[in-house]
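The residues making up each chain are set out below.
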Amino acid sequence: MSITIASFDGTDRAAVDEAYRIGTAANHVDLPDFPPFCRRRFDAQFHTPMPGTESLWALARLDGVPAGYLQLDLPQLDNTDNATAELTVHPELRRRGVGRALHEYGVRLLREHGRKRVVAMAVAELPGGPARSVAGGAFAAATGAQPALVEVRRRLDIGQIDRVALRAALAEARPRAEGYRSVCWQGATPPEYVADIAYLDGRLLMDAPMGDVQWEPEQVDAERIRGTERALDAKGRRRYHLGMRHEETGRIVAWTLLDVGASADWHAFQQITIVDPAHRGHRLGLIAKAENLHHLLTHEPAVRVIDTWNAASNSYMVAINEQLGFRPVDAWNNWQLTL
């Protein structure tokens, strides 16, 4: 068997198409409960990337047949010693050396670009959860990578929400949030809130458990927020935000985001939820998430399930998600390789 690997970019439409087909096949086999692999999201990575990110792509062929691809994301604004990787091999062509060849190719590229660490994720089965292949974790370990942070994906089934219990929880929480008011918006953040959202977004990696992942907090400003919004627009992500406004200062001090992709109107992702440390203890996280859930469903009535990820050690946010009705599905391990 002959394995060849070549770098490509968005101008090579044939290679982009081949990589997309590999991703589609892998998504269908590895994560059958996920939405279909989104073509619009995939293409947008080439023409409208996230701000401050350089992406390197490579396509592997096995005896001339497209067999796998590698995506390396190299931060340019911070974390310039780091990179993230996504390595995908077609399910029908696995265990033939394609993954190993792509890994070795990627390590050479990263060293050429002066990177010292790379982080990649691999899904794993939870006790009592749906079956998941052990191949991703075994492959990561075989490369010398170390497990650095375990996250758990939880799913909310909209039809199973205990609305009586949720109303009771909100009734108990709201008196503790006196002096705060919720504001919601869709898509781009209003100009009057963008500085507050940049501050909160920049706190995420300071406040969230990071385990042994060596990743520094990101420097986020209004320009970076706008760049992220352009990238998400290009991917077709329909975004529903809710902020908690501190009446005395007029600042947004808590923020949560839900979004729906272009490939499936039945599915949403719960993205960031963060509360400024100076304003914790007022149940703002619970109120924001519950009210934003209502905001989403008002505009996206087809949504049936919502997925979210939390570090297994993030007991505060896990407790809120469990109270809303999210239940564990599978584990996602962050593997870190020192080059």
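From a predicted model like this one, the values you see are computed outputs, not experimental measurements. (Residues numbered from 1 in each chain as written. Predicted model: local features only at pLDDT ≥ 70, side-chain atom pairs only at ≥ 80, totals over all residues. Heavy atoms only, no water.)

## Topic: empty space enclosed by the protein
Let me state the cut-off plainly: Throughout, the protein atoms alone are placed on a 1 Å grid, and a set of points is a cavity if a 1.4 Å probe fits but cannot get out or a pocket if it is open with protein on both sides within 12 Å along at least five of seven lines; lining residues have an atom within 4 Å of a point. Grid points are joined across faces, edges and corners, and a volume is the space filled by probe spheres set on the points. Polar here means any residue outside two lists: the nonpolar Ala, Val, Leu, Ile, Met, Phe, Trp, Tyr, Cys and Pro, and the charged Asp, Glu, Lys and Arg; Gly therefore counts as polar.
In the structure shown here, the tally under the stated rule is 1 cavity of 30 Å³ or more. There is about 40 Å³ of room inside the largest cavity. Forming the boundary of the largest cavity are Leu156, Leu258, Gln270, Lys289, Leu293, Ile306, Leu324 and Phe326. A breakdown of the residues in the lining of the largest cavity according to their chemical character gives 6 nonpolar, 1 polar and 1 charged.

## Focus on helix H6 (residues 194–207)
Threshold: For helices the rule is a DSSP run of H or I covering at least 4 residues; for strands it is a run of E covering at least 2, with both sets numbered from the N terminus onward. One fewer than the residue count of a helix, multiplied by 1.5 Å, yields its expected span. The classification of residues rests on relative accessible area computed with a 1.4 Å probe and restricted to protein chains. Under 20% of the type maximum is buried, over 50% is exposed, and intermediate values are partly exposed. Whether two residues are in contact is decided by their heavy atoms: any pair within 4.5 Å suffices.
Under the 1.5 Å per step criterion, the end-to-end length of H6 is 20 Å for 14 residues, consistent within 8% with the ideal 20 Å. Along H6, the positions that sit buried rather than exposed are Val194, Asp196, Ile197, Ala198, Leu200, Gly202 and Arg203. On its buried side, H6 packs onto strand S7 (180–186), helix H7 (222–235), strand S9 (252–260) and strand S10 (267–275).

## Section: helix H3 (residues 98–112)
Taking 1.5 Å of rise per residue, 15 residues should cover 21 Å, and H3 covers 21 Å from first to last C-alpha, within 8% of that figure. Residues of H3 that are buried include every one of Val98, Gly99, Ala101, Leu102, His103, Tyr105, Gly106, Val107, Leu109 and Leu110, and no others. One or two residues past the end of H3 sits glycine 114, with phi positive at roughly 75°.

## Side note on the packing of aromatic side chains
The following threshold applies: Each pair of aromatic rings taken from Phe, Tyr and Trp, with Trp reduced to its six-membered ring, is defined by centres within 6.5 Å and is described as stacked if the planes are under 30 degrees apart, edge-to-face if over 60, and tilted in the remaining cases.
What the rule picks out here adds up to 16 aromatic pairs. With 5.4 Å between their ring centres and 35° between their planes, tryptophan 185 and tyrosine 193 make a pair best called tilted. The same class applies to tryptophan 185 and to tyrosine 193, which are both buried. Here phenylalanine 269 and tryptophan 309 contribute two aromatic rings whose centre-to-centre distance is 5.7 Å and whose plane-to-plane angle is 35°, an arrangement assigned as tilted. One end of the pair, phenylalanine 269, is in strand S10; the other, tryptophan 309, is in strand S11 (residues 305–311), and 40 residues separate them in sequence. Three or more aromatic residues joined by ring pairs make a cluster, and in this case those are Phe8, Tyr20, Phe37, Phe42, Phe46, Trp57 and Tyr69.

## What to know about the UniProt feature "domain: N-acetyltransferase" (unreviewed entry) in the protein
Basically, it comes down to this: UniProt positions are given in the numbering used here, feature names are shortened, and annotations may be inferred rather than shown by experiment.
As annotated by UniProt and renumbered to match this structure, "domain: N-acetyltransferase" (unreviewed entry) occupies residues 3–211. In this annotation, residues 3–211 is assigned 36% helix and 30% strand; the end-to-end C-alpha distance for the span is 36 Å.

## Here's the deal with the pattern of salt bridges
Under the convention used in this document: Salt-bridge detection follows one rule: a side-chain nitrogen of Lys or Arg within 4 Å of a carboxyl oxygen of Asp or Glu.
Following the criterion strictly, the structure yields 30 salt bridges and no others. Across the pair arginine 39 and aspartate 17 runs a salt bridge, and its minimum N-O distance is 2.5 Å. You can see arginine 39 sitting in helix H2 (residues 39–47) and its partner aspartate 17 sitting in helix H1 (residues 13–30), a full 22 residues away along the chain. On the accessibility criterion, aspartate 17 (25% relative accessible area) is partly exposed. Connected through shared salt-bridge partners, Asp33, Arg132, Arg153, Arg155, Asp307 and Asp330 make up one network.

## Side note on the side chain of aspartate 276
Mapped onto the secondary structure, aspartate 276 falls in the loop between S10 and helix H8 (284–299). Relative accessible area serves as the criterion here: at 6%, aspartate 276 is assigned to the buried category. Once you skip the residues sitting within four places of it in the chain, aspartate 276 turns out to touch Tyr199, Leu200, Arg251 and Val253.

## Concerning the sheet that holds strand S5 (residues 117–125)
Under the convention used in this document: By the convention used here, strands pair only if DSSP detects at least 2 bridges between them. Angles here are taken between N-to-C directions and fall from 0 to 180 degrees, while the axes themselves are lines fitted to C-alpha atoms, restricted in helices to the stretch in contact.
Strand order in the open sheet made by the 12 strands is S1-S2-S3-S4-S5-S12-S6-S11-S10-S9-S8-S7, with mixed pairing throughout. What marks the edges here is a single partner per strand, and that holds for strand S1 (3–8) and S7. In this sheet, adjacent strand axes meet at a mean angle of 25° when their direction is disregarded. Relative to strand S2 (residues 53–62), S1 runs antiparallel, the two sharing 6 bridges. Bridge pairing in S2 links alanine 6 to leucine 59. Helix-sheet contacts for H8 involve strand S6 (146–157), S7, strand S8 (238–246), S9, S10 and S11, and the interaxial angle to S8 is about 145°.

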